[in-house]
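A closer look at the structure
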Amino acid sequence: MARIIITIAGRVLKEVQISEATTKIGRDRTNQIQIDNPAVSRFHAEIYRQGWSYYIEDKKSTNGTYINDSFVNWKRCINNNDKITIGKHTLVFMLDKQELEGNENPKSLDPCETVCVVPKKEK
């Protein structure tokens, strides 16, 4: 299972296992990952698994969601060790050993990359 390590100013606050189909992040108490900070929207973002890939979706938050300092305008694939910034908090996304095993070169199997398909020329 994947996990999230929540930090602020380089200090680890807590670690959360992602065990459900959808993990909600926000200020509201009903979220699985609750971040009590005014810069975080009540229902800020969601992390979910689709196939063997994990995605994060910004839920039209006021201050936005960033992955590795890049703005997420809707949803985006997340990979092992990606840093998700929500308000002043950094959430580090980590896959466990079982999910990483058997994948010697994760970049070659990254479903987030754009693939160009060129039709074969007929003779």
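Structural notes, computed from the coordinates. Given the structure is predicted, the values throughout are model-derived calculations rather than measurements.

Turning to the sheet that holds strand β5 (residues 45-50), a few remarks are in order. Taken together, five strands build an open sheet; the order of strands is β4-β3-β5-β6-β9 and the sheet is mixed. Each edge of the sheet is formed by a strand with only one pairing partner; in this case those strands are β4 (33-34) and β9 (75-78). As paired strands, strand β3 (residues 22-26) and β4 are joined by two bridges and run parallel to one another. Bridging from a neighbouring strand, G26 pairs with Q34 of β4.

Okay, the pairing of β5 next. Taken together, the four bridges between β3 and β5 define a ladder with antiparallel strand orientation. By the bridge assignment, K24 is partnered in β5 with E46. Bridging between β5 and strand β6 (residues 53-58) involves six bridges; their strand directions are antiparallel. Across the sheet, I47 pairs through a bridge with I56, a residue of β6.

Here the focus is the packing of aromatic side chains. Applying the stated criterion to the full structure yields three aromatic pairs. An angle of 25° between the planes, with centres 5.9 Å apart, marks the rings of Y48 and Y55 as stacked. Residue classification places Y55 among the buried residues on the basis of a relative accessible area of 17%. Its guanidinium or amino end placed over the ring of Y55, K75 lies 5.4 Å from that ring's centre, counting from NZ or CZ.

What counts and how
Every chain is numbered on its own, with residues counted from 1 as its sequence reads. Owing to the predicted nature of the model, reporting of local features is limited to residues with pLDDT of at least 70; listing and counting of side-chain atom pairs is limited to 80 or more, with chain, interface and lining totals taken over all residues. Heavy atoms throughout the structure, all of them, feed into the side-chain values; hydrogens and water do not. Two strands pair if DSSP finds at least two bridges between them. Secondary structure counts use DSSP, requiring at least four H or I residues in a row for a helix and at least two E residues in a row for a strand, with both numbered from the N terminus. Put simply, two rings from Phe, Tyr or Trp (the six-membered ring, in Trp's case) pair if the centres are within 6.5 Å, and we call them stacked under 30 degrees between planes, edge-to-face over 60, tilted for the rest. Buried, partly exposed and exposed residues are distinguished by accessible area as a fraction of the type maximum, computed with a 1.4 Å probe on protein chains only: under 20%, between the cut-offs, and over 50%, respectively. Consider the ring centre and the ring normal. A charge sits over the ring if Lys NZ or Arg CZ is within 6 Å of that centre and within 35 degrees of that normal.

Geometric values such as these leave the question of function open.
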